[in-house]
Amino acid sequence: MFNRNGKKKEKTQSIAFFQLFRFATWKDTLMMVVGGLCAFIHGAAGPFILLVYSWMTNTFVSYEIEIQELSHVNKTCINNTIYWTNGSIYENFENTTVYCGGGIEDQMTMFAYYYVAIGIVVLLCSYLQTALWVTAAASQICRIRATYFQKVMQMEMGWFDLNSVGELNTRISDGINKINGAIANQMPVFIEKISTFIFGFTVGFIGGWKLTVVVIAVSPLIGLGAGLMAWSLARMTQWEIKAYAKAGSVADEVLSSIRTVAAFGGEEREAERYDTSLVEAQNWGVKKGTIIGVFQGFIWSIILLCFALAFWYGSKLVIDTKELSPGGLMQVFFGVLIAALNLGQTSPCLEAFASGLAAAKPVFDTIDREPEINCFSEEGHKLDQVKGDIEFHNVTFYYDSRPEVKVLDNVSLLIKSGQTTAFVGPSGSGKSTLIQLIQRFYNPNKGMVTLDGHDMRSLNVRWLRSLIGVVEQEPALFATTIAENIRYGQPGVATEDIIKASKEANAYNFIMDLPQKFDTLVGEGGSQMSGGQKQRIAIARALIRNPKILLLDMATSALDNESETVVQEALNKVCTGRTTVSVAHRFSTIRNADVIIGFENGRSVERGTHSELLEKQGVYFTLVSLQNSGGSTSVEENDLFVCDLNPNCLEIIHQMLYLEYEDDPEDDIEPALVASIFKYNQKEWPYLLLGSLGASLNGAVSPIYAVLFSQLLGTFSIPNLNDQRQQINGVCVLFCILAGASFFSHFIQGYAFAKSGELLSRRLRKKGFQAMLRQEIGWFDDPSNSAGALTTRLATDASMVKGATGPQIGLVVNSLTNVGAALIIAFYFSWKLSLVVMCFLPLIGVSIVLQVRLLTGFANEDKKAMEDAGQLSSDAFAKIRTIASLAKESAFVEQFQQRLESPYKSAKKRAVIYGVSVGFAECIVFMANAASFRYGGYLVSAEGVHYMVVFRVISVLVVGATALGKASSFTPDYAKAKTAAAQIFKLLDRIPKISISHADGKKWDSFEGKVQFVNCKFTYPTRPDSQVLNGLTVTVTPGQTLAFVGSSGCGKSTSVQLLERFYDPDEGEVLIDGCPSPKISVPFLRAQIGIVSQEPVLFDCSIAENIRYGDNTRSIGMEEIVDAAKKAYLHDFVMALPDKYETQVGSQGSQLSRGQKQRIAIARAIVRNPRILLLDEATSALDCESEKTVQDALDEARNGRTCVVIAHRLSTIQTADIIAVMSQGVIIEKGTHDELMAKKGAYFKLVTTGAPLS
């Protein structure tokens, strides 16, 4: 976060854990309390079953001793006591009587009932804890997302200058998902584990306090390991999130500027830039995995060493001091064992908490930040009557992102009510900044802006903006219908008002020509509309507000001559009685203004009417003179508009009814096979092999200590005490060896799988990004492939795939080894008992499969629903200035909240089903124990099986079954991983209709640049019923200049896109040097073409890097960059900046004026040194002085090159070799300027009267 001086604030401390729950309502709190209580009871079930286990152990040991004693022929059992056959009572070596005839099977039946009862309690508690916590978390996450979005929408514009759209999108999707991971799944598990830890030690104290105290003395080491791990993970996760946010920002920037990237062949460069930004995140991920491995290894080795100590000391208490019975030792030992184990098993929970806290910090920081200008606040005065006088009092202003550059320097001026005031001056002189200060997007650093004498800072922000109508130079439309876009100006207006406003803006006719009329969808960012159409919709949106103050920021810049004349008349009419501020470069649009104010270097240098300023012969006079000398006889004639162009005029209309894409709907996508995922991970096979070895060793640890336990139990029935001690010491030594192996194997597993998982994640992100960049432009026209949706997909899919790879493979291998070793051991010792226990394993398997199937479906629903919300948030963040000027933040907040309903409902449904399946899986283990020990009692009684074998078989199989149950807790991640992988593979496998591979197509050395359109017919794939080109035929020989002229939507820009091969014609062909364009290598063709667009797209890097982007096939030195900048009249401006060519331009070039951006774009094209030059309104945003110089540079650049020009100003095209007049997709006449004027046809009429070309 930055303050007004641009300096970073002191870093705040990380948030407290319970702040994660700050958005819980009383219902959520109640659900969490009840769920937490159930988790606590669930956790207590394990220790309580130990009491039953202790009694059972004593029963088995007593029975074995009884069998051994009664095997003597001279002993018999009378009245539950062993007697000698001579009638005397038998006493053992300790001089105590030996009891007999306890009825082992009856006692086992009683113990089985205990197991069943506790199993039912576990079923209920497990279900409730899961269902209630997931439901409560879903509610809170929905609230966090909505609150975060609402708070971001409240922020002032200066905050957006410092926070990229990509970063905000990553936080609202991936970041908040991590918070969900912390509170939904892990919190009840953590409570359960802690409960088991507490009750485990309690049961231990009840059984024998001495042994428990000895074990507790070692426990702080476990806590120390867990604490250090959580601390390390919190820091690393925070750094990892920052790195991924940076990568997300790159992806969002590139995908939203895909046409520019394609035109300049920057796909490989951008893929590398994205990959480079992923390297840092990958490194943090590997370090995180290694730290987890080291600390988990440390914790487990301490636990196993603790076992060794407990066995050794406990055996002394049983054998030497008689303070414990064998069952008591098991009670204490297992009590401490499960307590310690559960403490160790809290590490994944701690990891999730650390991730959640790290992700929550920037989210909650934003939520807690008070915006400097709060558009939602009800504070501030609302004036009863507004006259409309606006005054600037000694205003000094700089942007927070560039505090060293003064944009406005001590400006004082008065804008009188009811008058039209025009701002004129060179690009970057502060004109548009004044417009933003009037809207109170920013507060001045010094001085103040007043409305009717009231400081604007004292007025209510929303009320103030409701008075203002704005038409920007780069109008932003929303991805909805034309009617809805106009209605954004004034909610609830009638259709008649919308029609009236569209007529006033001269938009009615073109709208009524569309099949769906006012219900036509405009596409993302208005991409389905031409520039003139967008501008007219924006004007209608401003007019419908009936504003007191009208701000026109080059409002008619994208209109053709006819449209501009009509719209200008309409604007002149609506300006009457209103305070109007107009910024324009064309002086015909402002010459009738009441006051014209001239700006230079952030200062107002002159003020007066058109005639007064001409007499003064100052800045205004210079600018008018320069424009007047552009090649025509008068200012008015020079300002004739010959066409309307927008580089995004790639589709005339986007009509969803006709949207038939070849891709299947995402809802129906089949989850990917795990084998397919592994295919992309095969390069990491050494890491996978090493990690699998470590995981196998870890998996074998559990069955081995189950064997050692049973061995220990067996020793207590050995008559010889020395043999007992010797066997116990041997078991303790084996535990020490096991501890060392466990530390080593955890470290290997942690490092190797983290490395393979992070490399796979990076590879999938990069390949996914490359696949997106590889698609034809038409693919991006599908709303589901908007920049926001694609960035969200990149952020989540690859990280979700880790749910089936990386560390998850370790868990699978661990579980499989565990189960495999358990089965071998069990069947070796007793196949009968093993079969009985095995009967329960399929039930556990069924519950796991059920979870996978159900959760895969849920994952699809969640993903789709969150993509919709992500698309809306991305759209809103990118167009925040337009939304703020319309005061429509609350409308977008409502829409976002509506889109969160679907994932919330899905999560609630999932909670119930997931709870049932988890509860069922947990309960089955208790039922298995009940049946197994009852049958074990029968085998001991009827078949003479040693009780040690019963314990061994049941222990190892239950440990194996628990491993399966533990694996089931990862089924949500596994399900999501398969769905996410399917999405990625679908993208990777998609074959684009236009290949950009260097290997495909022809290339030749002597490229001349002859261009021929032969009977080209074309319709956009998204709307096949609207013919855009209807038999276009024209030829341009090398070195010639072709100028396209025509009204909005006639196909001028479409022909340029066919030449760039963004699309292929449906009929006819485009020939380059006589070769059909589909047969030419696309990268080779685009390398020969340079383009300068009407709305230039810059990337968030330095000015030098943006110019260097002109040619991505070679390294460009600073000399060449400076030379290109000089030709584009850019050098002097750049050298005046503190960082010169290393100055960062900001996201989408937000730190620069439009004219400055345009000049950088021209320098970028000059650096390319192309054979074919496309000038798409290349000088539209320049002031007169710059335009004249740049036009000279462009005229020079045209020499020897084939050039296609589309422009509004006559002076820029009248020297063209061929002027082609287009109407309804065909050329109706062509020739030179003089020839066409002599013909006195359509062109002549256009020039002289501005008549429409229809």
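Being a predicted model, the structure only gives us computed values, none of them experimental. Residue numbers here run from 1 along each chain, matching the order of that chain's written sequence. Per-residue local features are limited, in this predicted model, to residues with pLDDT of at least 70; the limit for side-chain atom pairs, both in listing and counting, is 80 or more; totals at the level of whole chains, interfaces and linings are taken over all residues. The basis for every side-chain value is the complete set of non-hydrogen atoms in the structure, without hydrogens or water.

(A) Geometry of the overall build of the protein. What counts as a helix is a DSSP run of H or I of at least four residues, what counts as a strand is a run of E of at least two, and both are numbered from the N terminus. Counting its secondary structure elements, the protein contains 39 helices and 22 strands. Looking at the protein alone, contacts between residues at least 24 apart form 81% of all its contacts between residues at least 6 apart. Note that accessible areas follow from Shrake-Rupley with a 1.4 Å probe, and for residues the cover is restricted to the protein chains shown. Split by element, the accessible area of the protein, about 46400 Å² in all, is 56% carbon and sulfur. Residues count as neighbours in contact if any of their non-hydrogen atoms are within 4.5 Å of one another.

(B) Representation of the pairing of strand β11 (residues 595-600) in the model. β11 sits mainly inside the fold: 5 of its 6 residues count as buried. If DSSP finds at least two bridges between two strands, the strands pair. Judged from the 4 bridges that link them, strand β5 (residues 420-424) and β11 form a sheet pairing that is parallel. Each residue of the ladder has a partner; that of A422, found in β11, is I596. The sheet contact formed by β11 and strand β12 (residues 603-608) spans 5 bridges and is antiparallel. Paired with I596 across the strands is G608, a residue of β12. A loop of 2 residues connects β11 with β12, the two strands running antiparallel in sequence, and N601 in this loop sits at a positive phi of about 55°. Burial classification: accessible surface area is computed with a 1.4 Å probe over protein chains only, and a residue below 20% of its type maximum counts as buried, one above 50% as exposed, and the rest as partly exposed.

(C) Local environment of the pattern of salt bridges. For this document, the term salt bridge refers to a Lys or Arg side-chain nitrogen within 4 Å of an Asp or Glu carboxyl oxygen. What the rule picks out here adds up to 28 salt bridges. The partner of K387 in a salt bridge is D389, with the nearest N and O atoms 3.4 Å apart. Overlapping salt bridges bring together E272, D275, R762 and K766 as one network.

(D) Molecular detail of the packing of helix α2 (residues 104-154) against helix α4 (residues 165-207). At their nearest, the axes of α2 and α4 sit 9 Å apart, and the two run at 155° to each other. By the angle between their axes, α2 is roughly antiparallel relative to α4. In this structure, α2 crosses over α4, and the sense of that crossing is right-handed. Orientation is described by lines fitted to C-alpha atoms, with helices fitted over the stretch in contact, and by angles between N-to-C directions that extend from 0 to 180 degrees. Note on terminology: angles under 35 degrees are roughly parallel, angles over 145 are roughly antiparallel, angles of 65 to 115 are roughly perpendicular, and the others are oblique. If you view the pair so one helix is near and one far, a crossing is left-handed when the near helix is turned anticlockwise from the far one by less than a right angle, and right-handed when it is turned clockwise.

(E) The arrangement of the packing of aromatic side chains in detail. In this analysis, rings of Phe, Tyr and Trp, with Trp reduced to its six-membered ring, are considered paired at centre separations within 6.5 Å, and the interplanar angle assigns stacked below 30 degrees, edge-to-face beyond 60, and tilted for intermediate values. One pass over the structure, following the stated rule, counts 37 aromatic pairs. Both rings, one in Y399 and one in Y442, keep their centres 5.2 Å apart while their planes meet at 80°; by these two values the pair is edge-to-face. Here Y399 is found in the loop between β3 (390-397) and β4 (408-415), whereas its partner Y442 is found in the loop between α10 (431-438) and β6 (446-451), with 43 residues between them in sequence. Of the two residues examined, Y399 and Y442, each falls in the buried class. Consider the rings of Y488 and F892, whose centres lie 5.6 Å apart with planes at 15°: the pair is stacked. Here Y488, found in the loop between α12 (482-487) and α13 (495-504), pairs with F892, found in helix α28 (residues 889-943); they are 404 residues apart in sequence, far enough to count as distant.

(F) Representation of helix α23 (residues 787-801) in the model. One fewer than the residue count of a helix, multiplied by 1.5 Å, yields its expected span. With 15 residues, α23 ought to run about 21 Å at 1.5 Å a step, and its terminal C-alpha atoms sit 21 Å apart, in line with that. When you tally the buried positions in α23, you get 13 out of 15 residues, the bulk of the element.

(G) Here's a closer look at a nonpolar patch on the surface. On the surface, F205, W209, V213 and I216 cluster together into a nonpolar patch covering about 370 Å² of accessible area. Of all the elements, helix α5 (residues 209-256) adds the most residues to the nonpolar patch, at 3 residues. Relative to the elements of secondary structure, V213 occurs in helix α5. For V213, a relative accessible area of 38% translates into the label partly exposed. Only residues above 30% relative accessible area that lack a salt bridge enter a patch, with like-charged residues linked at up to 9 Å and the nonpolar side chains Val, Leu, Ile, Met, Phe, Trp and Tyr linked at up to 5 Å.

(H) Here's a closer look at the sheet that holds strand β18 (residues 1089-1092). Spatially, the 6 strands line up as an open sheet ordered β18-β19-β20-β15-β21-β22, and their pairing is mixed. Each edge of the sheet is formed by a strand with only one pairing partner; in this case those strands are β18 and β22 (1226-1231). Across the sheet, the mean angle separating the axes of adjacent strands is 20° when strand polarity is ignored. Of the strand pairs in this sheet, strand β15 (residues 1041-1045) and strand β21 (residues 1218-1223) are connected by 4 bridges, and their pairing is parallel. Within β21, the residue paired with L1042 across the bridge is I1218.

(I) Molecular detail of unusual backbone geometry. One non-glycine residue with positive phi stands out, namely D452, at about 50°. Position of D452 relative to the elements: it lies in the loop between β6 and β7 (454-455). Despite not being glycine, N1015 shows a phi value in the positive range, around 50°. Overall, N1015 belongs to the partly exposed group, its relative accessible area being 39%.

(J) Up close: helix α15 (residues 531-543). Over its 13 residues, α15 runs 18 Å from end to end, which matches the ideal 18 Å to within 8%, given 1.5 Å per residue. Most of α15 is tucked away, with 13 of its 13 residues classed as buried.

(K) Molecular detail of the pairing of strand β9 (residues 549-553). Within β9, 5 of the 5 residues are buried, leaving the element largely enclosed by the surrounding structure. Neither face of β9 is open: one carries I549, L551 and D553, the other L550 and L552, and all of them are buried. Bridging between strand β8 (residues 468-471) and β9 involves 4 bridges; their strand directions are parallel. For G469, the partnering residue across the bridge sits in β9 and is L550.

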